[in-house]
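Summary of structural features
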Amino acid sequence: DTAVSQTPKYLVTQMGNDKSIKCEQNLGHDTMYWYKQDSKKFLKIMFSYNNKELIINETVPNRFSPKSPDKAHLNLHINSLELGDSAVYFCASSQATFTGSEQYFGPGTRLTVT
Amino acid sequence: AQTVTQSQPEMSVQEAETVTLSCTYDTSESNYYLFWYKQPPSRQMILVIRQEAYKQQNATENRFSVNFQKAAKSFSLKISDSQLGDTAMYFCAFESSNTGKLIFGQGTTLQVKP
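Residues numbered from 1 in each chain as written. Chains lettered and ligands numbered in written order. Predicted model: local features only at pLDDT ≥ 70, side-chain atom pairs only at ≥ 80, totals over all residues. Heavy atoms only, no water.

**Observations concerning the overall build of chain B**
Selection rule: Each helix is a run of H or I in the DSSP string that is no shorter than four residues. Each strand is a run of E no shorter than two, and both are numbered from the N terminus. A 1.4 Å probe rolled over the protein chains alone gives each residue an accessible area, and that area as a share of the maximum for its type sets the label: buried under 20%, exposed over 50%, partly exposed in between. Contact definition: two residues touch when any of their heavy atoms are within 4.5 Å. Accessible surface area values rest on a Shrake-Rupley calculation with a 1.4 Å probe, where residue burial reflects the displayed protein chains alone. Residues scored as charged are limited to Lys and Arg (positive) and Asp and Glu (negative), so that His and the chain ends carry no count. By convention, the charge on Lys lies at NZ, on Arg at CZ, on Asp at CG and on Glu at CD.
Looking only at helices and strands, chain B features 0 helices and 12 strands. The order of α-helices and β-strands along chain B, N terminus first, is β-β-β-β-β-β-β-β-β-β-β-β. Taken along the three principal axes of its C-alpha coordinates, chain B extends 45 × 25 × 20 Å. Expressed as a percentage of its 114 residues, the buried residues of chain B come to 52%. Sequence-distant contacts, at least 24 apart, represent 55% of the contacts inside chain B between residues at least 6 apart. For chain B, the computed accessible surface area is about 5300 Å², with 45% contributed by carbon and sulfur atoms. Distance from the positive charge centre (10 side chains) to the negative charge centre (10 side chains) of chain B: 4 Å.

What follows is the structure, encoded as structure tokens:
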């Protein structure tokens, strides 16, 4: 049973396209996150949702838009893709926020923009 | 702003020996959480160990233990009896109880040699 799943695992696309990455968790957690891991393996939080409400919104281009249809799903839509968007994107979930709960990560989506 | 620094980009250790990974952080908060996450070549992020800042006792999980020095803002990870499966990138991370944001260090690549 996969706890946090992401689709697709790999995504190759051209500059200027729009793409989405989907994330689902079956752990019953209230909080979900998106992280970006760059080519140097540096991990940075992008967004966090708690019970479908946006609670963390880091300084990312507004071409990136998260959407949480319910607390088990958090999708990431990216408009007008640029070369610099190439990275691995991780979804994660935790039982709660502000409490140091363990975050469970998905397998990551490697996005390559050509 | 909080920062997390891992000063050792790469380390290696012989199987069955002990290795210590360093981490320092900077914060003005008194209540926070610290973590070590592991990312093996499979890319999956896995929690290794967690420490609550208000607890003086160092956390331990089987072969993994930490040396938490709150005044020095230091949080090192000790791996005893290293195994080949410990080969991975290790990330130190800080979570503020005010913002709920998980901030990662740059990572240390650990190679366990047979």
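There is more to say after this.
**Section: the nonpolar core**
Residues and elements named next belong to chain B. Just so we agree on the cut-off: Nonpolar cores were defined as sets of buried Ala, Val, Leu, Ile, Met, Phe, Trp, Tyr and Cys residues, with membership established by side-chain atoms within 4.5 Å.
Counting 25 residues, the largest nonpolar core has Tyr25, Trp36, Ile49, Phe75, Leu77 and Tyr90 as the members making the most contacts within it. The element that contributes the greatest number of residues to this core is strand β10 (residues 88-96), accounting for 4 residues. If we ignore the near neighbours within four places in the chain, the residues touching Tyr25 are Thr3, Val4, Tyr32, Leu34, Phe68, Gln69, Lys70, Lys73, Ser74, Phe75 and Phe94.

**Section: the interface of chain A and chain B**
Rules: Once two parts are put together, the accessible area they lose, assessed with a 1.4 Å probe and summed over both, is termed the buried area. By salt bridge we mean one thing: a side-chain nitrogen of Lys or Arg within 4 Å of a carboxyl oxygen of Asp or Glu. Within 3.5 Å is the distance limit for a polar contact, defined as a pair of N or O atoms, with the added protein rule that one can donate a hydrogen and the other accept it, and that residues adjacent in sequence qualify only through two side-chain atoms. Put simply, Ala, Val, Leu, Ile, Met, Phe, Trp, Tyr, Cys and Pro go in the nonpolar bin, Asp, Glu, Lys and Arg in the charged bin, and everything else, Gly too, in the polar bin.
Tallying the contact residues gives 25 residues for chain A and 21 residues for chain B. Across the chain A/chain B interface, buried area totals approximately 1900 Å², and carbon plus sulfur atoms make up 52% of it. Linking chain A with chain B are 1 salt bridge. The salt bridge partner of Glu58 of chain A is Lys101 of chain B, with a shortest N-O separation of 2.7 Å. For the pair chain A and chain B, the interface holds 9 residue pairs in polar contact (both at pLDDT 80 or more). Among the elements of the structure, β4 (31-37), β5 (43-50), β9 (87-94) and β11 (109-113) of chain A are those that each provide at least two residues to the side of chain A that touches chain B. Here the residues of the side of chain A that touches chain B are counted per class, giving 11 nonpolar, 9 polar and 5 charged.

**Side note on the packing of aromatic side chains**
Each aromatic ring pair is summarised here by two numbers: the centre-to-centre distance and the angle between the ring planes. Here is the rule we go by: Stacked, tilted and edge-to-face pairs are distinguished by plane angle, under 30 degrees for stacked and over 60 for edge-to-face with tilted covering the rest, among Phe, Tyr and Trp rings (Trp via its six-membered ring) whose centres lie within 6.5 Å. We call a charge positioned above a ring when the Lys NZ or Arg CZ atom is no farther than 6 Å from the ring centre and deviates by at most 35 degrees from the ring normal.
Overall, the coordinates contain 15 aromatic pairs over all chains when judged by the stated rule. Ring-pair connections join several aromatic residues into one group, and the members of that group are Tyr33, Tyr35, Phe90 and Phe105 of chain A together with Phe35, Tyr37, Phe91 and Phe104 of chain B. The ring of Tyr10 of chain A carries the charged tip of Arg43 of chain B above its face, separated from the ring centre by 5.3 Å.

**Here we look at the environment of Leu81 of chain A**
Along the polypeptide, Leu81 of chain A turns up in the loop between β8 (73-78) and β9. Classification of Leu81 of chain A as buried rests on a relative accessible area of 2%.

**Observations regarding the sheet that holds β8 of chain A**
Residue and element names in this part refer to chain A. Basically, it comes down to this: When DSSP finds two or more bridges between a pair of strands, those strands are recorded as paired. Here, axes are lines fitted to C-alpha atoms. For helices the fit covers the stretch in contact, and angles between N-to-C directions go from 0 to 180 degrees.
With respect to topology, 4 strands assemble into an open sheet ordered β1-β3-β8-β7, the strand pairing being antiparallel. What marks the edges here is a single partner per strand, and that holds for β1 (4-7) and β7 (64-70). Neighbour-to-neighbour, the strand axes of this sheet turn through a mean angle of 20°, independent of strand direction. When β7 meets β8, the two strands line up antiparallel, connected through 5 bridges. By the bridge assignment, Lys67 is partnered in β8 with Asn75.

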